[in-house]
Amino acid sequence: MTDNKTYSKNDMVRVGCNDCAGCFKCCCDMGQSVILDPLDMHRLKCSLHAGFEELMKKNVELHVEDGLILPNLKMDEKSGRCSFLNEQGRCSIHAFRPGICRLFPLGRNYREGRLDYFLLTDVCPAKNKSKVRVSRWLDTENLTAYENFLIEWHGFTKELRAKLQQNQVDEEWCRKVNLLFLQMFYVKDYLEEDFFAELSGRIRQMRQMLE
């Protein structure tokens, strides 16, 4: 359920949960829902000094969503806990946690080239939540550039899914496109200082390759 409101990054929203106070419900039984975008993967690789293949051994897995192969954080098969939770139930990668983790219990709407937020009211058990500004809750440097990146990435992946759906009978073509997609945006390291500019360049390159 939601509260039927939308929020901008400058709005106040009731999400403050006293630093989870020992609760880690939102880090369990999430299935494949914690999808990683290229910035998430870049942060994990740099902060953990690990390559894509190393992360795939324990912490990350792949799933198919509307024909597009995407990485997500892996949940433990027995406990259902996120593979990055420590023994005390605290996030071991909190400083560079993925965007979806930063967002929760907010969700995102993409509308005509802009982005706003909504509140999921029935997913966090914390009581007496306090109001926090959305920008502070997201805890992300250069939030405007980050939001622009999300809009661009959402538009590109939506476009790519449509192409894959249109050509789904050609399984070999779809396989090659997915392998190229993973290689260009997740496996290959980002070397430029401006991640967002390099990402935009790779999107343009892949669009040209698919024409």
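Right above here is the structure, for reference.
Notes on the structure follow. (Residues numbered from 1 in each chain as written. Predicted model: local features only at pLDDT ≥ 70, side-chain atom pairs only at ≥ 80, totals over all residues. Heavy atoms only, no water.)

1. Here's the deal with the pattern of salt bridges
Pairing between side chains of opposite charge can happen when their charged atoms approach one another.
Working step 1: Counted under the stated rule, the structure contains 10 salt bridges.
Working step 2: In this structure, the salt-bridge partner of Arg102 is Asp139, at a minimum N-O distance of 3.7 Å. Note that Arg102 is positioned in helix α3 (residues 99-103) and Asp139 in the loop between α4 (134-138) and α5 (143-166), a separation of 37 residues in sequence.
Working step 3: According to the relative accessible area criterion, Arg102 is buried, its value standing at 5%.
Working step 4: Asp116 serves as the salt-bridge partner of Arg114, at 3.2 Å between the closest nitrogen and oxygen.
Working step 5: A relative accessible area of 46% means that Arg114 is categorised as partly exposed.
Working step 6: Taken together, the salt bridges that share partners define one network made up of Arg97, Arg102 and Asp139. (Salt bridge = Lys/Arg side-chain N within 4 Å of Asp/Glu carboxyl O. Helix = DSSP H or I, 4+ residues; strand = E, 2+ residues; numbered from the N terminus. Buried < 20%, exposed > 50% of the residue type's maximum accessible area, 1.4 Å probe, protein only.)

2. Remarks on the environment of Lys45
Working step 1: The topology assignment puts Lys45 in helix α1 (residues 38-48).
Working step 2: Those residues within four positions of Lys45 in sequence are excluded, and the remaining contacts are Ala50, Gly51, Phe52, Leu55, Tyr186, Val187, Lys188 and Asp189.
Working step 3: In terms of polar contacts, Lys45 uses its side chain to reach the backbone carbonyl oxygen of Tyr186, at 3.0 Å. (Contact = heavy atoms within 4.5 Å. Polar contact = N/O pair within 3.5 Å; in protein donor to acceptor, adjacent residues only side chain to side chain.)

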